[in-house]
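# Secondary and tertiary structure notes
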Amino acid sequence: GENVEQHPSTLSVQEGDSAVIKCTYSDSASNYFPWYKQELGKRPQLIIDIRSNVGEKKDQRIAVTLNKTAKHFSLHITETQPEDSAVYFCAARGYSSASKIIFGSGTRLSIRP
Amino acid sequence: EAGVTQFPSHSVIEKGQTVTLRCDPISGHDNLYWYRRVMGKEIKFLLHFVKESKQDESGMPNNRFLAERTGGTYSTLKVQPAELEDSGVYFCASSQGAFFQETQYFGPGTRLLVL
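Criteria and thresholds
- Residues numbered from 1 in each chain as written.
- Chains lettered and ligands numbered in written order.
- Predicted model: local features only at pLDDT ≥ 70, side-chain atom pairs only at ≥ 80, totals over all residues.
- Heavy atoms only, no water.
- Helix = DSSP H or I, 4+ residues; strand = E, 2+ residues; numbered from the N terminus.
- Rg over C-alpha atoms; globule rule 2.2 N^0.38 Å.
- Areas by Shrake-Rupley, 256 points an atom, 1.4 Å probe, with all protein chains shown as cover.
- Lys, Arg positive; Asp, Glu negative; His and termini not counted.
- Charge placed at Lys NZ, Arg CZ, Asp CG, Glu CD.
- Buried < 20%, exposed > 50% of the residue type's maximum accessible area, 1.4 Å probe, protein only.
- Contact = heavy atoms within 4.5 Å.
- Polar contact = N/O pair within 3.5 Å; in protein donor to acceptor, adjacent residues only side chain to side chain.
- Disulfide = S-S within 2.5 Å.
- Pairing = 2+ DSSP bridges.
- Axes fitted to C-alpha atoms, helices over the stretch in contact; angles between N-to-C directions.
- Buried area = accessible area lost by both parts, 1.4 Å probe.
- Salt bridge = Lys/Arg side-chain N within 4 Å of Asp/Glu carboxyl O.
- Phe/Tyr/Trp six-rings, centres within 6.5 Å; stacked < 30°, edge-to-face > 60°.

On a plain count of helices and strands, chain A comes out with zero helices and eleven strands. At 14 Å, chain A has a C-alpha radius of gyration in line with the 13 Å of a compact globule built from 113 residues. If one aligns the C-alpha atoms of chain A with their principal axes, the spans along those axes are about 45 × 25 × 20 Å. Accessible surface, chain A as shown: approximately 5600 Å² in total, 46% of it carbon and sulfur. Across chain A, the centroid of the 14 positively charged side chains sits 5 Å from that of the 12 negatively charged ones.

See below:
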């Protein structure tokens, strides 16, 4: 079946450094890739997304890249800050409205002061 | 505007008991989704309502799980009888449309522990 693999499961970086989270997906029909951030005790929230016709998208300190050929996509956070500490989930979805969102298993990102 | 709300926030029950989780979507959102996250694993799709109709229930684990959305507003997810492996966080999400790029807004989740 369809699945999304996410790595690493935990990541600790020094404040100010960059963090990278990587995902791979199995369904070649996937063409929408959202990223959700879940802070401790809060709900998952969409932070950025990318469609398959785009290779990269940036929003301030966060960026996502997509390699459709390799079925890889990544989240990059630059100049990390304490408030970036959270669990991050990647996800993939196909074009059809009946297509489900398939989530990765999450990455717990910790920012060391 | 209020976000997606879920009740209760936590539930601790014994194996064999029944639990009913409730989700109130964002007003006007026809699409309502249930997900579950077992500790350390992915957020897994359970089912999708469009208004009061079940669009896709392929993720429901077994017939101990029953979801309803009478009237197309709030939804309930009943687990009867609960088993140990049902423990996890149950999320509800809603979206206005079901187009692939529609943002799904998540609720805070219900943390279920079956002892």
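Structure's up, so let's keep going.
The next point concerns the overall build of chain B. In terms of regular secondary structure, chain B is built from zero helices and eleven strands. Overall, chain B shows an N-to-C arrangement of helices and strands of β-β-β-β-β-β-β-β-β-β-β. For 115 residues, the compact-globule formula gives about 13 Å, and the C-alpha radius of gyration of chain B, at 13 Å, lands near that figure. Its C-alpha atoms put chain B at 40 × 25 × 25 Å along the principal axes. Within chain B, buried positions represent 49% of all 115 residues. Long-range pairs, those at least 24 residues apart, make up 52% of the contacts in chain B with a sequence separation of at least 6. Total accessible area on chain B is roughly 5700 Å²; 49% of this is exposed by carbon and sulfur atoms. Both charge centroids of chain B, one from 12 positive and one from 13 negative side chains, sit 5 Å from each other.

It is worth spelling out the side chain of B:Ser87 at this point. All names here are of chain B. Relative to the elements of secondary structure, Ser87 occurs in the loop between β8 (75-79) and β9 (88-95). You can call Ser87 buried: its relative accessible area is 17%. Of the polar contacts made by the side chain of Ser87, one reaches the backbone oxygen of Leu84; its length is 3.1 Å. From its side chain, Ser87 meets the backbone nitrogen of Val114 in a polar contact 2.8 Å long.

Let us look at the state of the cysteines. Residue and element names in this part refer to chain A. Across all of its chains, the model carries two disulfides over all chains by this definition. Bridging Cys23 to Cys90, the disulfide has an S-S length of 2.0 Å. The chirality of the disulfide connecting Cys23 with Cys90 is left-handed, given an S-S dihedral of about -100 degrees. With a gap of 67 residues between them, Cys23 in strand β3 (residues 19-25) and Cys90 in strand β9 (residues 86-94) connect regions that are remote in the sequence.

For the rest of this paragraph, the subject is the sheet that holds β8(B). All names here are of chain B. Reading across from one edge, β1-β3-β8-β7 is the order of the four strands in this open sheet, with antiparallel pairing throughout. What marks the edges here is a single partner per strand, and that holds for β1 (5-7) and β7 (65-68). When strand polarity is set aside, the average angle formed by the axes of neighbouring strands in this sheet is 15 degrees. Where β7 lies against β8, four bridges are found, and the strand directions are antiparallel. Looking at β8, one finds that Ala67 is bridged to Leu77.

Listed per partner, the contact involves 25 residues of chain B and 20 residues of chain A. Buried area between chain B and chain A, summed over both chains or domains, comes out near 2000 Å², and the portion from carbon and sulfur atoms is 56%. Sorting the residues of chain B by area buried against chain A places B:Ile43, B:Phe100 and B:Phe106 first, and these three jointly supply 34% of that buried surface. Applying the counting criterion to the chain B and chain A interface returns one salt bridge.

The subject of this paragraph is the sheet that holds β3(A). Residue and element names in this part refer to chain A. If you walk across this open sheet you meet the five strands as β1-β3-β8-β7-β6, and the pairing is antiparallel. The sheet is open, and its two borders are formed by β1 (4-7) and β6 (56-59), each paired with just one other strand. Put simply, the sheet's adjacent strands are angled 15 degrees from each other on average, direction ignored. Both β6 and strand β7 (residues 62-67) contribute to a ladder of four bridges, which runs antiparallel. Counterpart to Lys57 in the pairing with β7 is Val64.

Turning to the packing of aromatic side chains, a few remarks are in order. Scanning all chains against the criterion turns up 14 aromatic pairs over all chains. Ring geometry for A:Trp35 against A:Phe73: centres 5.6 Å apart, planes inclined by 65 degrees, an arrangement best described as edge-to-face. Separated by 38 residues along the polypeptide, A:Trp35 in strand β4 (residues 30-38) and A:Phe73 in strand β8 (residues 72-77) bring together distant segments of the chain. The exposure class assigned to A:Phe73 is buried, which follows from its relative accessible area of 1%. Through a chain of ring-to-ring contacts, three or more aromatic side chains come together here, namely A:Tyr36, A:Phe89, A:Phe103, B:Tyr33, B:Tyr35, B:Phe45, B:Phe91 and B:Phe106.

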